[in-house]
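# Structural features, examined
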Amino acid sequence: MQTARPDAALLKVTSANSNDFLEVKMEEGHIRVVYNLGSETHQLASAQRVDDSTYHVVKFRRIKENASLQIDYLEPIVRVPAGKQMHVFNGQEEVHVGGLRTDHGHVISPYMGSMSGLFFNGIRILDLLAGSDDRVKVYGDIRLAMVMSPPEPTAVTQAEMHRTQERKTSPLWTVAFCRERDEPEERRVSVCRYPLP
């Protein structure tokens, strides 16, 4: 991802039949992940700012109730909740990318910048968008900017370099405000929505 904006919704996964959710967002330039699997709401937040107009890699992993958040190649932030916790995300319904669309059609917390290599449970959502998959719904101005390779860090383990090979061919999407000033507010931002199987 690459942006100069400090606040935005990057990704939200909703449930069809429970209050379970997962949200990855930017708050004051920091990545914050908030999720609830039925027991309680858990949060992880990065110390590093990512609103500096440079390319950043954000990784969130959840295995059962445990989770980690890693920005670029820094040490991951790990959350291991105490006590008995639910660990299944029930009824995953949709993945929202680049903003949140309300029931009234308005977009809140819009993301403005570039994004590529988005994986969720093995699904390459932006690649589906590039392939015009009819399950992906787009609201606003989302454009394929180019297919690019993110810059390689100077010191990386062989295992990490192997894991990044899939990412190298992922399309780069530019998610931005529409240029037309007379567009209604809710149509000026981009939201990509993908229903989960």
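Up top is the structure these notes are about.
Residues numbered from 1 in each chain as written. Predicted model: local features only at pLDDT ≥ 70, side-chain atom pairs only at ≥ 80, totals over all residues. Heavy atoms only, no water.

For the rest of this paragraph, the subject is the overall build of the protein. The helix and strand tally for the protein stands at 2 helices and 17 strands. By residue count, 43% of the 197 residues in the protein fall in the buried class. Long-range contacts, defined here as pairs at least 24 residues apart, represent 61% of the contacts in the protein between residues at least 6 apart. Carbon and sulfur atoms make up 50% of the accessible area of the protein, which totals about 10800 Å². (Helix = DSSP H or I, 4+ residues; strand = E, 2+ residues; numbered from the N terminus. Buried < 20%, exposed > 50% of the residue type's maximum accessible area, 1.4 Å probe, protein only. Contact = heavy atoms within 4.5 Å. Areas by Shrake-Rupley, 256 points an atom, 1.4 Å probe, with all protein chains shown as cover.)

Note: strand β3 (residues 30-36) against strand β4 (residues 41-49), 6 bridges, orientation antiparallel. Within the sheet, the bridge partner assigned to Y35 lies in β4 and is H42. The antiparallel pairing of β3 with β4 creates a hairpin that spans 4 residues between the two strands, and G38 there sits at a positive phi of about 115°. (Pairing = 2+ DSSP bridges.)

Read across the open sheet, the 3 strands follow the order β5-β6-β7; overall the sheet is antiparallel. What marks the edges here is a single partner per strand, and that holds for β5 (58-63) and β7 (77-79). Looking at each pair of strands side by side, their axes are set apart by 10° on average, direction ignored. By the bridge criterion, 3 bridges tie strand β6 (residues 66-71) to β7 in an arrangement that is antiparallel. When the bridges of β7 are listed, L69 appears paired with I77. (Axes fitted to C-alpha atoms, helices over the stretch in contact; angles between N-to-C directions.)

Counting buried positions along strand β1 (residues 8-15) yields 7 of 8 residues, so the element is predominantly enclosed. By the bridge criterion, 6 bridges tie β1 to strand β2 (residues 21-27) in an arrangement that is antiparallel. Looking at the pairing, A8 lines up with M26 of β2. Two elements, β1 and strand β8 (residues 92-97), share 5 bridges in a ladder whose sense is antiparallel. Residue pairing across strands places S15 opposite Q92, the latter belonging to β8.

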